[in-house]
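Structural features, examined
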Amino acid sequence: MAPKILRVAEIPNLVLGEGPHWDIETQNLYLVDIFGKSIHKFNASTGQHSKAIFDKPVSFIIPVKGQRNRFVISLEREICVITWDGISERPSKIEKLSEVDQDTQNRINDGKCDPRGRLWAGTMGPEPEPGHFQPEAGSLFSLDGGKVTTFATKVGISNGLAWNTKLGKFYYNDSLVKRVDEFDYDINSGVISNRKTIFTFSKHDIDGLPDGMTIDADGNLWVAVFNGSSVIKIDPRKPETLLETIKVPAKQTTSVAWGGIDLNILYVTSASMTVDGVELLPPNHGATFQITGLGTKGLPADNFVSE
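Per chain, the residues get numbers from 1 upward, laid out in the order the sequence is written. At least 70 in pLDDT is required for a residue's local features to be given in this predicted model, at least 80 for side-chain atom pairs to be given and counted, and no such filter applies to totals for whole chains, interfaces and linings, which use all residues. The side-chain quantities take in all heavy atoms of the structure and omit both hydrogens and water.

Going by what an unreviewed UniProt entry lists, the protein is known as Regucalcin and is assigned to Dendroctonus ponderosae. As recorded by UniProt, the Sequence similarities (unreviewed entry) comment attached to the protein reads in full: "Belongs to the SMP-30/CGR1 family." UniProt positions are given in the numbering used here, feature names are shortened, and annotations may be inferred rather than shown by experiment. Quoted straight from UniProt, the Subcellular location (unreviewed entry) entry for the protein says "Cytoplasm".

Structural data, given as structure tokens:
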């Protein structure tokens, strides 16, 4: 069965769609529009879409485990917990947990939780106009029990984030170096170490940048290719192994997440940023897609465990 890709018509076109997260408990897809300064909720069974708007760029939204209508989000450099009913255009409460990269103009770019509910996120340098930003200004960090620990600096654009607990591995993308890296990962301490490269875009003549990423139940990685109109499937256990390329009808493909009742739908976000005067028009640019018929399924996304 060949993969089938469909645009999710109920989700509007976004400027910088990112951070898809499927909440297995509620069967909702959450995502953000970073430049649109908004969070989005999509109920796949009813087709209902709603959003809330903020005053700063928001790069991820993850439910807080065991707490109804509570979510951890980023607001520029701040990590916050919000109370949102999933309907209103503004959250009813915003609580700041921490701020990273203080005294800079950086912003958080991507974030996920590991299997213990720790938040992992990374930053990038200031971007005065789309596509033009300060290189090597970002960092990669975790938030565990209220404590922020930095694990990498001089990051171009922090992206990706996936875990294989059976192998004790953490996977990560710095988009600007155009590769996928692997770390050893200690689930108990939340420490990563021994960074090495497992996939290099230039060795496969892949145009574009590695962006958001997820892992399937077979241990393979699915990587969105920004400016490459595609999602690639790679085997991280066999360095430089490209298994599959799926074309997506949006040039700025940004991120991926498994969803659906059986976690066999790959949701794909995209952007419609005008870079150097080149406009990317709807209906596909900035759209959210779902891909079926991939012959595999994902793992439940981990929610945030508060202190």
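From this point, the narrative continues.
**Looking at the overall build of the protein**
When helices and strands are counted, the protein shows zero helices and 24 strands. For the protein, whose C-alpha radius of gyration is 17 Å, the value lies close to the compact-globule estimate of 19 Å for 307 residues. Expressed as lengths along the three principal axes of its C-alpha atoms, the size of the protein is roughly 45 × 40 × 40 Å. Buried means the residue's accessible area, taken with a 1.4 Å probe over protein chains only, is under 20% of the maximum for its type, while exposed means over 50%, and partly exposed covers the values in between. A burial count over the protein gives 56% of its 307 residues as buried. Shrake-Rupley sampling with a 1.4 Å probe provides the accessible areas, and residues are treated as covered by the protein chains on show and by no other component. Total accessible area on the protein stands at roughly 13000 Å², and carbon and sulfur atoms take up 47% of it. All tallies of charge rest on Lys and Arg as positive and Asp and Glu as negative; His and the ends of each chain are not included. Where a charge lies is defined by one atom per residue type: Lys uses NZ, Arg uses CZ, Asp uses CG and Glu uses CD. Computing the positive centroid from 32 side-chain charges and the negative centroid from 38, the protein places the two 3 Å apart. Secondary structure elements follow DSSP: runs of H or I no shorter than four residues count as helices, runs of E no shorter than two count as strands, and numbering proceeds from the N terminus. Every radius of gyration here is taken over C-alpha atoms, with the globule rule written as 2.2 Å times N^0.38, N being the number of residues.

**Brief notes about the UniProt feature "binding site: substrate" (unreviewed entry) in the protein**
Using the residue numbers shown here, the UniProt feature "binding site: substrate" (unreviewed entry) corresponds to Arg-107, Asn-109 and Glu-127. The largest pairwise C-alpha distance within this set of annotated residues, which runs over 21 residues, is 11.4 Å, so the set is compact in three dimensions. Structurally, the position occupied by Asn-109 is in strand β10 (residues 107–113). Here, residues are in contact when the closest pair of their heavy atoms is within 4.5 Å. Not counting chain neighbours up to four residues away, the residues in contact with Asn-109 comprise Ile-34, Ser-59, Gly-122, Thr-123, Met-124, Ile-157, Ser-158 and Asn-159. In this structure the side chain of Asn-109 is engaged in a polar contact, spanning 3.0 Å, whose partner is the side chain of Arg-107. Counting through the fold element by element, Glu-127 comes out in the loop between β11 (119–124) and β12 (138–144). Not counting chain neighbours up to four residues away, the residues in contact with Glu-127 comprise Phe-35, Arg-107, His-132 and Phe-133. Within 3.5 Å is the distance limit for a polar contact, defined as a pair of N or O atoms, with the added protein rule that one can donate a hydrogen and the other accept it, and that residues adjacent in sequence qualify only through two side-chain atoms.

**Overview of the side chain of Asn-303**
Assignment of secondary structure puts Asn-303 in the segment after β24 (289–292). Separated by 2.8 Å, the side chains of Asn-303 and His-21 make a polar contact. Of the polar contacts made by the side chain of Asn-303, one reaches the side chain of Asp-23; its length is 3.2 Å. Among all residues touching Asn-303, those that are not within four sequence positions of it are His-21, Asp-23, Ile-62, Pro-63, Lys-65, Cys-113 and Gly-117.

**Let's talk about the environment of Gly-208**
Within the secondary structure, Gly-208 is located in the loop between β17 (191–200) and β18 (209–215). For the pair Gly-208 and Ala-224, spaced 16 residues apart in sequence, the C-alpha separation works out to 9.5 Å. Among all residues touching Gly-208, those that are not within four sequence positions of it are Lys-178, Phe-201, Val-225, Phe-226, Asn-227 and Gly-228.

**Some words on the pattern of salt bridges**
For salt bridges, the criterion is a side-chain nitrogen of Lys or Arg within 4 Å of an Asp or Glu carboxyl oxygen. A full pass over the atoms with the stated rule returns 17 salt bridges. A salt bridge links Arg-90 to Asp-55; its shortest N-O distance comes to 3.4 Å. With Arg-90 in the loop between β8 (78–83) and β9 (93–99) and Asp-55 in the loop between β5 (48–53) and β6 (61–63), the pair connects residues that are 35 residues apart, well separated along the chain. The closest approach of N and O atoms between Asp-181 and Arg-179, which form a salt bridge, is 3.0 Å. Among the ionic contacts, a cluster of salt bridges with common partners joins Lys-56, Glu-76, Arg-77, Glu-78, Lys-96 and Glu-99.

**Observations regarding the pairing of strand β3 (residues 28–33)**
Counting buried residues along β3, six of its six residues qualify, which places the element largely inside the surrounding structure. Side-chain alternation along β3 places Asn-28, Tyr-30 and Val-32 on one buried face and Leu-29, Leu-31 and Asp-33 on a second face that is also buried. Two strands qualify as a pair provided DSSP detects at least 2 bridges between them. The pairing of strand β2 (residues 17–23) with β3 spans five bridges and is antiparallel. Within β3, the position partnered with Glu-18 by the bridge is Val-32. What sits between the antiparallel neighbours β2 and β3 is a turn of four residues, in which Gln-27 has the positive phi angle 60°. Across six bridges, β3 lies against strand β4 (residues 38–43) in antiparallel orientation. Bridge assignment links Asp-33 to a residue of β4, and that residue is Ser-38. The antiparallel pairing of β3 with β4 creates a hairpin that spans four residues between the two strands, and Lys-37 there sits at a positive phi of about 50°.

**Considering the sheet that holds strand β14 (residues 158–164)**
Read across the sheet, four strands follow the order β14-β15-β16-β17 without closing on themselves; strand pairing throughout is antiparallel. Of all the strands in the sheet, just β14 and β17 have a single pairing partner and so form its edges. Taking each pair of neighbouring strands and ignoring which way they run, the sheet shows an average axis angle of 25°. The pairing of strand β15 (residues 169–174) with strand β16 (residues 179–186) spans six bridges and is antiparallel. Its bridge partner lying in β16, Asp-174 is registered against Arg-179. Only the stretch in contact is used when fitting a helix axis, every axis being a line fitted to C-alpha atoms; angles between N-to-C directions are given from 0 to 180 degrees.

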